[in-house]
Amino acid sequence: MISKILNKVDAPLDENVIDIEKEKLIIAGPCAIESYDQLLETARFIKSKGVKILRGGAYKPRTSPFAFQGMRKEGLEILKAVKKEVGIMAVTEAIDEKSLSEVYEVSDMIQIGSRNMQNFSLLVEAGKQDKPILLKRGMSATIKEWIHAAEYIAKQGNTKIIMCERGIRTFNDYTRNTMDIAAIPIIKQETGLKVIADPSHGTGKRNLILPMSLASLAAGADGLIIEVHPQPEDALSDGDQSLNFEEFSNLISVIKG
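All figures in this text were calculated on a predicted structure; none of them were measured in a lab. (Residues numbered from 1 in each chain as written. Predicted model: local features only at pLDDT ≥ 70, side-chain atom pairs only at ≥ 80, totals over all residues. Heavy atoms only, no water.)

A tally of regular secondary structure across the protein gives nine helices and eight strands. Here the C-alpha radius of gyration of the protein, 17 Å, is about what a compact globule of 257 residues would show, namely 18 Å. Dimensions of the protein along its principal axes, counting C-alpha atoms only, are 45 × 40 × 35 Å. Looking at the 257 residues of the protein, the share that counts as buried comes to 56%. Counting contacts in the protein only where the partners sit at least 6 residues apart, residues at least 24 apart contribute 69% of the total. (Helix = DSSP H or I, 4+ residues; strand = E, 2+ residues; numbered from the N terminus. Rg over C-alpha atoms; globule rule 2.2 N^0.38 Å. Buried < 20%, exposed > 50% of the residue type's maximum accessible area, 1.4 Å probe, protein only. Contact = heavy atoms within 4.5 Å.)

Below, the structure written as structure tokens:
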């Protein structure tokens, strides 16, 4: 076993968030919060499809400094308002220790993104929180490094950790990343933690999201996080990997069989 403290950890999530033992965890929503109307429309739609957790980025660490960086605190205020209006839970990303406290006040689950998987000071502070942590795999991280990142959180007392396989960087240049499907059962076996898959970031192509979702679930994933946007062609962030409402409806129908 790789992990020193996580193997077969008994860390059920807060039942007010989701009973992941009884159902697959589906998280859906836009990559970035762009407006109140955009997030409200999406939240109402995904809730109508049985989704219990809305995703939406207020803080968006981007490779290019010229790319849309998110609405930040204004985005969190929108997320808070939409949650109340629709009656849905939410997950959004903290990018540093300052934003962590802001995100904590709004989000039911705190995301640590790929670029921050080895932001050790952020991991330590996340470990002191009492809310579930969604830990995405770093784009170039080995499985061992990913597990160690989770241990930074767990060592502080928070073992409510959901691991998220979101693809890794390889020499493949057809897709945005390469989905490491084998990592799903490996992480479950090595740590006992829940694992969900992000085929949106894992492929970067909306036509591959459905097949990679099915492959991830077949490999034992406990759920999925999917990017959904009312009009992906107009999205300010990651439109090429976002499903429109019709496409998401089809995905849910296929998954539920």
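Moving on: the pattern of salt bridges. The final tally for this structure, using the stated rule, is twelve salt bridges. Residue Arg55 is joined to Glu227 by a salt bridge in which the shortest nitrogen-to-oxygen separation is 3.6 Å. Highlighted residues: Arg55 in strand S2 (residues 53-55) and Glu227 in strand S8 (residues 223-227), separated in sequence by 172 residues. Assessed through its relative accessible area of 0%, Glu227 is described here as buried. Of the charged contacts in the structure, one is a salt bridge between Glu247 and Arg206, with a shortest N-O distance of 4.0 Å. Of this pair, Glu247 sits in helix H9 (residues 245-256) while Arg206 sits in the loop between helix H7 (199-203) and helix H8 (209-218), and the two are 41 residues apart along the sequence. The partly exposed category is assigned to Arg206, whose relative accessible area is 29%. In this structure, a network of salt bridges that share partners links the residues Arg137, Glu165 and Asp180. (Salt bridge = Lys/Arg side-chain N within 4 Å of Asp/Glu carboxyl O.)

Position of Ala126 among the secondary structure elements: in helix H4 (residues 120-126). You can call Ala126 buried: its relative accessible area is 0%. C-alpha of Ala126 to C-alpha of Tyr152: the two residues are 26 residues apart in sequence and 8.9 Å apart in space. The contact partners of Ala126, leaving out residues within four places of it in the chain, are Leu100, Ile112, Ile133, Ile153 and Asn158.

Now for the nonpolar core. One finds Leu135, Met163 and Phe248 to be the most contacted residues of the largest nonpolar core, which totals 62 residues. It is helix H5 (residues 143-154) that contributes the most residues to this core, seven residues altogether. Apart from the residues lying within four places of it in its own chain, the contact partners of Met163 are Leu135, Trp146, Ile147, Ala150, Ile187, Leu193, Lys194, Val195 and Ile196. (Core = buried A, V, L, I, M, F, W, Y, C linked by side-chain atoms within 4.5 Å.)

Scanning all chains against the criterion turns up three aromatic pairs. Ring plane angle 65° and centroid distance 6.1 Å describe the contact between Phe45 and Phe248, whose orientation is recorded as edge-to-face. With Phe45 in helix H1 (residues 36-48) and Phe248 in helix H9, this residue pair connects regions lying 203 residues apart in the sequence. No difference in accessibility class separates Phe45 from Phe248, as the two residues are buried. (Phe/Tyr/Trp six-rings, centres within 6.5 Å; stacked < 30°, edge-to-face > 60°.)

Let us look at the packing of H8 against H9. Where H8 meets H9, the closest approach of the two axes is 10 Å, and the angle between their N-to-C directions is 30°. For the element pair H8 / H9, the angle class is roughly parallel. For the element pair H8 and H9, the recorded crossing hand is right-handed. Residues Ile209, Leu210, Ser213, Leu214 and Leu217 of H8 form the contact with H9, whose own contacting residues are Asn250, Leu251, Val254 and Ile255. For the contact of H8 with H9, a count of residues per class yields seven nonpolar, two polar and no charged. (Axes fitted to C-alpha atoms, helices over the stretch in contact; angles between N-to-C directions. Parallel < 35°, antiparallel > 145°, perpendicular 65-115°, else oblique. Left-handed = near helix turned anticlockwise from the far one by under 90°. Nonpolar A, V, L, I, M, F, W, Y, C, P; charged D, E, K, R; others polar.)

The geometry of H5 relative to helix H6 (residues 183-191) is characterised by a closest axis approach of 11 Å and an angle of 45° between their N-to-C directions. Comparing their axes, H6 and H5 come out oblique. Of the two elements, H5 crosses H6, and the hand of that crossing is right-handed. Across from Ile143, Trp146 and Ile147 in H5, the residues of H6 making contact are Ala183, Ile186, Ile187, Glu190 and Thr191. Across the contact of H5 with H6, the residue classes tally to six nonpolar, one polar and one charged.

Right, let's talk about H6 for a bit. One turn of an α-helix holds 3.6 residues; hence residues three or four places apart share an orientation. Residues of H6 that are buried include every one of Ala183, Ile184, Ile187, Glu190 and Thr191, and no others. Along the axis of H6, the buried positions cluster into a sector of 145°, meaning they face one direction only. Where H6 is buried, its residues touch H5, strand S6 (161-165), strand S7 (194-197) and H8. Backbone geometry just downstream of H6 places Gly192 in the positive-phi region, at approximately 80°. (Arc of directions from axis to C-beta.)

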